[in-house]
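Spelled out from the first residue to the last, the chains are:
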Amino acid sequence: MPSPLVEAADERFARHGVRLLLKRDDLIHPELIGNKWRKLVPNLDAAAGRTLLTFGGAWSNHLRATAAAGRLLGLRTVGVVRGQELADRPLNPSLARCAADGMRLFFVDRSTYRRKGEPDVLARVLREAGAEDACVVPEGGSNAAAVRGCAALGAELRGRADVVGLACGTGGTLAGLAAGLAPEQRVVGVPVLRGGFLTGEIRRLQSAAFGGPRGGWTLDERFHFGGYARTTGELHAFASDFEQRHGLPVERLYVAKMLYGLLTLAGESAFPRGTRLAAVITGAPFPG
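Residues numbered from 1 in each chain as written. Predicted model: local features only at pLDDT ≥ 70, side-chain atom pairs only at ≥ 80, totals over all residues. Heavy atoms only, no water.

**Student:** So what exactly am I meant to see when it comes to the overall build of the protein here?
**Tutor:** Counting its secondary structure elements, the protein contains 11 helices and 10 strands. Here the protein has a C-alpha radius of gyration of 19 Å; the compact-globule value for 288 residues is 19 Å, and the two agree. Out of the 288 residues belonging to the protein, those deemed buried represent 55%. For the protein, the accessible surface area stands at approximately 12,300 Å², while carbon and sulfur atoms represent 52% of it. Across the protein, 37 positive and 28 negative side-chain charges occur, with their mean positions spaced 2 Å apart. (Helix = DSSP H or I, 4+ residues; strand = E, 2+ residues; numbered from the N terminus. Rg over C-alpha atoms; globule rule 2.2 N^0.38 Å. Buried < 20%, exposed > 50% of the residue type's maximum accessible area, 1.4 Å probe, protein only. Areas by Shrake-Rupley, 256 points an atom, 1.4 Å probe, with all protein chains shown as cover. Lys, Arg positive; Asp, Glu negative; His and termini not counted. Charge placed at Lys NZ, Arg CZ, Asp CG, Glu CD.)

What follows is the structure in structure tokens.
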């Protein structure tokens, strides 16, 4: 830390007068990579050795990072997984990695999962999971502590870029990143989920972390490619081409969508000529 910021010479951006920079948060740690490290550290401190319980889907990067942190630091972890029907199936590679790292998996039906933020539902899940005394971290790791941790990402980019591009899942990284940047800088967020809910969630997170809105940011909802964990042949072809051009393994569910969106925006003249555009590489392909 801080993670490297390197220039990527790319004529597709250059023809529009844009300098592409890569903020290599994927190099922070081989297992606790990118924004997962930045969001987990404050929550690990808050846990103070207690069991850490968190939530995610069957392919959740956050669950894998939490499980890895538990193994590395000797903490017990519980992952509440969306989809009761998965309990009787063989574990996919992502959940198998969680289990191998010592995470106890607890599967819940999708209706319960949607209501996990309700106090009575959460209390029931904790009781049934045998983790009533656990430190609870929300899905994606995004809470006020995590947002404050991600402000360091913005501070590392102060004076080094004009615009910062970021893939967004739960919004916590963007909420902190925007707060850490200088007033003249701005963030373009690329949501990887459908639904249009993220604007309100980012505002809520900034209020919880800082007492109100911070920094300049916008979202472009066009590049989710069907929603979380959804990809297309076009996206894979784009990612493979980017890998060949720059020697960078491109994670498909977040990073590829963000890079595709930034290139599209550059082609639409969304960035003034001379813009230094920093793309945050938040993760690596799984298995890494």
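Alright, that's what it looks like, and here's the rest.
**Student:** It is not clear to me how the sheet that holds strand β7 (residues 163-168) should be interpreted in this structure. Could you clarify?
**Tutor:** Note: strands within a sheet are paired through backbone hydrogen bonds, in either parallel or antiparallel orientation. A sheet is described by the order of its strands in space; here 6 strands give the open sequence β1-β2-β10-β7-β8-β9, paired in mixed fashion. Each of the sheet's edge strands pairs with one partner strand only, and the pair in question is β1 (5-7) and β9 (216-219). Mean inter-strand twist for the sheet, computed between neighbouring axes without regard to direction, equals 25°. When β1 meets strand β2 (residues 19-23), the two strands line up antiparallel, connected through 3 bridges. Residue Val6 lies in a different strand from β2, and its bridge partner there is Leu22. Along the sheet face, helix α11 (residues 255-267) touches β7, β8 (186-191) and β10 (276-280) and points at about 160° away from the line of β10. (Pairing = 2+ DSSP bridges. Axes fitted to C-alpha atoms, helices over the stretch in contact; angles between N-to-C directions. Contact = heavy atoms within 4.5 Å.)

**Student:** Would you mind going over the nonpolar core with me for this structure?
**Tutor:** The tendency in soluble globular proteins is for nonpolar side chains to be buried side by side. Ranked by internal contacts, the top residues of the largest apolar core, which has 33 residues, are Met258 and Phe271. At the level of secondary structure, the elements contributing two or more residues to this core comprise β2, β7, β8, α10 (233-246), α11 and β10. Of all the elements, α11 adds the most residues to this core, at 9 residues. If near-sequence neighbours (up to four positions away) are discounted, Phe271 is found in contact with Val18, Val163, Arg186, Val188, Leu262, Leu265, Ala266 and Leu277. (Core = buried A, V, L, I, M, F, W, Y, C linked by side-chain atoms within 4.5 Å.)

**Student:** Got a minute to help me understand the pairing of β10 in this structure?
**Tutor:** Two faces make up the sheet, and in a regular strand the side chains alternate between them. Counting buried residues in β10 gives 4 out of 5 residues, a clear majority hidden from the surface. Where β2 and β10 come together, 5 bridges link them in parallel fashion. When the sheet's bridge partners are listed, Arg19 is paired in β10 with Arg276. Note: β7 against β10, 3 bridges, orientation parallel.

**Student:** Just checking my understanding: could you explain the side chain of Lys39 for this structure?
**Tutor:** As for its position among the elements, Lys39 is in helix α2 (residues 34-47). Among buried charged residues, Lys39 stands out as having no salt bridge; its nearest opposite-charge side chain is Glu201, 9.8 Å away. Leave out the neighbours within four places in its chain, and Lys39 touches Gly140, Gly141, Ser142, Ala146, Cys150, Thr170 and Thr173. (Salt bridge = Lys/Arg side-chain N within 4 Å of Asp/Glu carboxyl O.)

**Student:** Would you mind showing me how to read the pattern of salt bridges here?
**Tutor:** Two side chains of opposite charge can pair, provided their charged atoms sit close to one another. Evaluation of the coordinates by the stated rule reveals 21 salt bridges. Across the pair Glu31 and Arg71 runs a salt bridge whose closest N-O atoms are separated by 2.2 Å. Here Glu31 is found in the loop between β2 and α2, whereas its partner Arg71 is found in helix α3 (residues 61-73), with 40 residues between them in sequence. Note on Glu31: relative accessible area 32%, which makes it partly exposed. Between Glu118 and Arg115 there is a salt bridge; the shortest N-O distance is 3.0 Å. Taken together, the shared-partner salt bridges in this structure form one network comprising Asp10, Glu11, Arg12, Asp241 and Arg245.

**Student:** Any chance you could explain helix α6 (residues 119-128) here in plain terms?
**Tutor:** Residues spaced three or four apart along an α-helix point in a common direction, a consequence of the helix completing one turn every 3.6 residues. Every buried residue of α6 is accounted for by Val121, Val125 and Leu126. Down the axis of α6, the buried side of the element spans an arc of 135°, and every buried residue falls inside it. In α6, the exposed positions that point more than 90 degrees away from the buried face belong to Pro119 and Asp120. Packing partners of the buried residues in α6 comprise β3 (52-56), β4 (77-82), β5 (104-108), α5 (110-114) and β6 (135-136). Looking one or two places after α6, you find Gly130, whose phi comes out positive at around 65°. (Arc of directions from axis to C-beta.)

That's the geometry; what it means functionally is another story.
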